[in-house]
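Observations on the three-dimensional arrangement
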Amino acid sequence: MWTMISNSCFGYKCFQTVYNAEYNTPFVACYFSIKEMFKLMKDYKKIFPNAELVFLDDKDYPTTHFTTSDVYIEWYHHNSRESVLDDFKRRSDRMTNKLLFLCYLGEGHEIGYQNYITKEYRQNIIQQFIDSEYPSIVVTYNKDDLDMKCDEKKTKILYLEHPDYDYDDKPDKIPHSMQIPAAHLAGEYLNSDECTLV
């Protein structure tokens, strides 16, 4: 079973598509930027299996980093530090050694939608997943990204088209609701005979 790690709700929605099981990743109901995700990938072996959270000055929800890494995480679906710690510990104990990092390029937040539409910036993000030691799936809105060279045993780039929306015309208005079909697309790939990830 894959332990799916994503920087947004995209990850747990993909997990739900693939498995009928309890979450085996602590990164549920939280958000961190793509920049922080790459930091997590770099520091993963320093952080786990003995990860400990350090709480920062909370906003309207708890925020943390780790004792062994300054990856900044916002737990925006939690209303207390206690619930963060409880969920994090319980789900961390279920983690497997089969890691899969997930990226959904329709989410802007700190980086911004406009940068995702910029080909150079967007493909730089994808290239960092390709260069990582960990398997990954990247869902993109631009067909050009499918031409990027990668080892499909380690990185899979999936294209999601929304026929009723002009992304190039309104890059700052990408609908958040596309997160669900993006997660289903990734999940269906993992469940299919076409999946080459190992």
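What this report covers is the structure whose coordinates are included nearby. Note that the structure is predicted; figures quoted are calculated from it, not measured.

**Thoughts on the overall build of the protein**
A tally of regular secondary structure across the protein gives 6 helices and 7 strands. Along the protein, from the amino end to the carboxyl end, the secondary structure elements read β-α-α-β-β-β-α-β-α-α-β-β-α. Burial analysis of the protein (198 residues in total) assigns 53% to the buried set. Taking all contacts inside the protein whose residues are at least 6 apart in sequence as the whole, residues at least 24 apart take part in 58%. Entry remark: accessible area of the protein is about 10,000 Å², with carbon and sulfur atoms responsible for 46%.

**What about the packing of aromatic side chains?**
Using the criterion set out here, one finds 17 aromatic pairs in the structure. For the ring pair Tyr-44 and Tyr-134, a centre distance of 5.9 Å and an interplane angle of 70° mean the geometry is edge-to-face. Here the residue Tyr-44 occupies a position in helix α2 (residues 34–47), and Tyr-134 occupies one in the loop between α5 (119–131) and β6 (136–140), the gap between them amounting to 90 residues. Under the relative-accessibility criterion, Tyr-134 is labelled buried at 8%.

**A few points about the sheet that holds strand β2 (residues 53–55)**
Taken in spatial order, the 3 strands make up an open sheet running β2-β3-β4, and their pairing is antiparallel. Of all strands in the sheet, those bounded by a partner on one side alone are β2 and β4 (73–74). Bridge count for strand β3 (residues 63–66) against β4 is 2 bridges, and the pairing is antiparallel. Its bridge partner lying in β4, Thr-64 is registered against Ile-73. In the packing of helix α3 (residues 81–92) onto the sheet, contacts are made with β2 and β3, and the angle to β2 comes to roughly 170°.

**Description of α5**
In a regular helix each residue adds 1.5 Å, so 13 residues correspond to 18 Å; α5 covers 18 Å between its end C-alpha atoms and thus fits that length. Residues Arg-122, Gln-123, Ile-125, Ile-126, Phe-129 and Ile-130 constitute the buried set of α5. The arc that holds the buried residues of α5, viewed along the axis, is 150°, so those residues lie on one side. Turned more than 90 degrees away from the buried face of α5, the exposed residues are Glu-120 and Asp-131.

Thresholds applied
Just so you know, the residues in each chain are numbered from 1, in the order the chain's sequence is written. In keeping with the model being predicted, local features are shown solely for residues with a pLDDT of at least 70 and side-chain atom pairs are shown and tallied solely at 80 or more, while totals for entire chains, interfaces and linings include all residues. Processing note: side-chain calculations cover all non-hydrogen atoms of the structure and skip hydrogens and water entirely. Put simply, DSSP marks the helices as runs of H or I at least four residues long and the strands as runs of E at least two long, and each gets a number from the N terminus on. Summary of the burial criterion: residues with accessible area below 20% of their type's maximum are buried, those above 50% are exposed, and those between are partly exposed, where the area comes from a 1.4 Å probe applied to protein chains only. Note on contacts: a residue pair is in contact if any heavy atoms of the two residues lie within 4.5 Å. Only the protein chains shown count as cover for residues, with accessible areas throughout obtained via the Shrake-Rupley method and a probe of 1.4 Å. In this scheme Phe, Tyr and Trp rings, the latter by its six-membered ring, pair at centre separations within 6.5 Å, and the angle between planes marks the pair as stacked below 30 degrees, edge-to-face above 60, and tilted otherwise. Each pair of strands is called paired provided DSSP finds at least two bridges between the two strands. Angular values range over 0 to 180 degrees, each being the angle between N-to-C directions of two axes fitted as lines to C-alpha atoms, with helices fitted over their stretch in contact. An expected span of 1.5 Å times one less than the residue number is assigned to each helix. The directions from the helix axis to the C-beta atoms form the arc being described.

In short, the description is geometric, and any link to function would need to be established separately.
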